[in-house]
Amino acid sequence: MVAGPVQQPSLVARPSAAHPHPAGLPADPHLIGLPGEPRPAGLAGDVHAFGRAVAVAATEPRWREEVLFRLRPVGQGFAEHVRVTEGPAGLYRELLAQSPRLDHGVRLLTREHAAITAAILAVQRVAEQPEINPDELRHRAGNLLRRLARHRRRGADLLWEAYQTDLGGET
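Because the structure is a prediction, the values reported are computed rather than measured.

Student: How should the pattern of salt bridges be read in this particular structure?
Tutor: Close approach of charged atoms lets side chains of opposite charge pair. Tallying each qualifying case throughout the model produces 5 salt bridges. Between Arg70 and Glu66 there is a salt bridge, with the nearest N and O atoms lying 2.9 Å from each other. Taken together, the residues Arg70 and Glu66, both in helix 3 (residues 63-86) and 4 residues apart, mark about one turn of the helix. You'll find Arg70 and Glu66 in the same group, each marked buried. Here Arg140 makes a salt bridge to Glu136, at a shortest N to O gap of 2.5 Å. Highlighted residues: Arg140 and Glu136, both in helix 6 (residues 134-164), separated by 4 residues, approximately one helical turn.

Below, the structure written as structure tokens:
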């Protein structure tokens with residue numbers, strides 16, 4: 001059985017002060033939410049804030065800087081996700097010990113970790129180039145957001161299969 005929480009609460013009160021802006025960037029309540037406003041926790045909240053930053057018109061002042069600023073915690077949170085799931089005492093090792101039939105799903109998610117990490121770095125490189133067309137940055141960021149959403153869904157499906165699938169027996 002998995003030790004520790006498997007599910008995170010979907011919404012928590014998370015003040016915008018948790019991720020202060022670097023000097024010079026104004027706090028935009030449309031990007032970060034109002035203080036005390038519920039918003040997804042952890043990596044999900046960081047992905048949400050990144051998606052909101054990408055969605056803002058590229059003509060906004062300092063748009064590129066805001067996108068980069070919001071991408072950093074996504075990269076850090078995803079690295080932590082990889083550590084927690086793939087580490088020596090990680091979730092995937094525990095899942096496989098309990099349910100070896102999930103090996104294919106675990107290998108798929110592990111491969112996605114490498115691809116998503118590379119996509120995060122690619123978006124960062126593109127965002128750091130001022131001459132890049134904003135549509136190119138938005139396109140790459142959109143691909144990253146879709147990969148993250150797909151990965152989250154697959155991970156949730158794998159957990160459901162591990163702990164909710166009825167393998168027969170009781171009626």
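Student: It is not clear to me how the environment of Glu65 should be interpreted in this structure. Could you clarify?
Tutor: Inspection of the secondary structure puts Glu65 in helix 3. Residue Glu65 is classed as partly exposed on the basis of its relative accessible area of 36%. Along the chain, Glu65 and Ala53 lie 12 residues apart, while their C-alpha atoms are 9.6 Å from each other.

Student: Could you clarify how one ought to interpret the confidence of the model for the protein in this entry?
Tutor: A low pLDDT score tells you not to read the predicted coordinates there in detail. This prediction gives the protein a mean pLDDT of 80; 72% of its residues lie at or above 70. Across the protein, the element-wise mean pLDDT spans from 34 in strand 1 (residues 12-13) up to 96 in helix 5 (residues 103-127). For residues 1-19, every residue scores under 50 in pLDDT, and the model assigns this stretch 38 contacts once sequence neighbours within four places are set aside.

Student: What is the right way to look at the packing of helix 3 against helix 6 in this model?
Tutor: Packed helices, taken two at a time, are described by the angle between their axes plus the distance between the axes. Their axes nearest at 13 Å, the elements helix 3 and helix 6 cross at an angle of 25 degrees. As the angle between them shows, helix 3 and helix 6 are arranged roughly parallel. In this structure, the crossing between helix 3 and helix 6 has a hand that is left-handed. Residues Trp63, Arg64, Val67, Leu71, Val74, Phe78 and His81 of helix 3 touch helix 6, and the partners they reach there are Pro134, Leu137, Arg138, Leu144, Leu148 and His151. When its residues are assigned to classes, the contact of helix 3 with helix 6 shows 9 nonpolar, 2 polar and 2 charged.

Student: Would you explain the nonpolar core in this entry?
Tutor: Among soluble globular proteins, nonpolar side chains are generally buried collectively. Core analysis: the largest hydrophobic core is formed by 22 residues, its most contacted members being Phe50 and Leu144. Of all elements in the fold, only helix 2 (42-55), helix 3, helix 5 and helix 6 reach the threshold of two or more residues within this core. Here the element with the most residues in this core is helix 3; it accounts for 7 residues. Not counting chain neighbours up to four residues away, the residues in contact with Leu144 comprise Phe50, Leu71, Ile116, Ala119, Ile120 and Val123.

Student: Quick question: what am I supposed to make of helix 6 here?
Tutor: Owing to its 3.6 residues per turn, the α-helix brings residues three or four apart onto one side. Taking 1.5 Å as the rise per residue, helix 6 with 31 residues should run 45 Å; its terminal C-alpha atoms sit 44 Å apart, in good agreement. Those residues of helix 6 that are buried lie in contact with helix 2, helix 3, helix 4 (91-98) and helix 5. Between the side-chain oxygen at the start of helix 6 and the backbone nitrogen of Asp135 there is a gap of 2.7 Å, and the oxygen is on Asn133.

Conventions we followed
- Residues numbered from 1 in each chain as written.
- Predicted model: local features only at pLDDT ≥ 70, side-chain atom pairs only at ≥ 80, totals over all residues.
- Heavy atoms only, no water.
- Salt bridge = Lys/Arg side-chain N within 4 Å of Asp/Glu carboxyl O.
- Helix = DSSP H or I, 4+ residues; strand = E, 2+ residues; numbered from the N terminus.
- Buried < 20%, exposed > 50% of the residue type's maximum accessible area, 1.4 Å probe, protein only.
- pLDDT = per-residue confidence, 0-100.
- Contact = heavy atoms within 4.5 Å.
- Axes fitted to C-alpha atoms, helices over the stretch in contact; angles between N-to-C directions.
- Parallel < 35°, antiparallel > 145°, perpendicular 65-115°, else oblique.
- Left-handed = near helix turned anticlockwise from the far one by under 90°.
- Nonpolar A, V, L, I, M, F, W, Y, C, P; charged D, E, K, R; others polar.
- Core = buried A, V, L, I, M, F, W, Y, C linked by side-chain atoms within 4.5 Å.
- Expected span 1.5 Å × (residues − 1).
- Polar contact = N/O pair within 3.5 Å; in protein donor to acceptor, adjacent residues only side chain to side chain.

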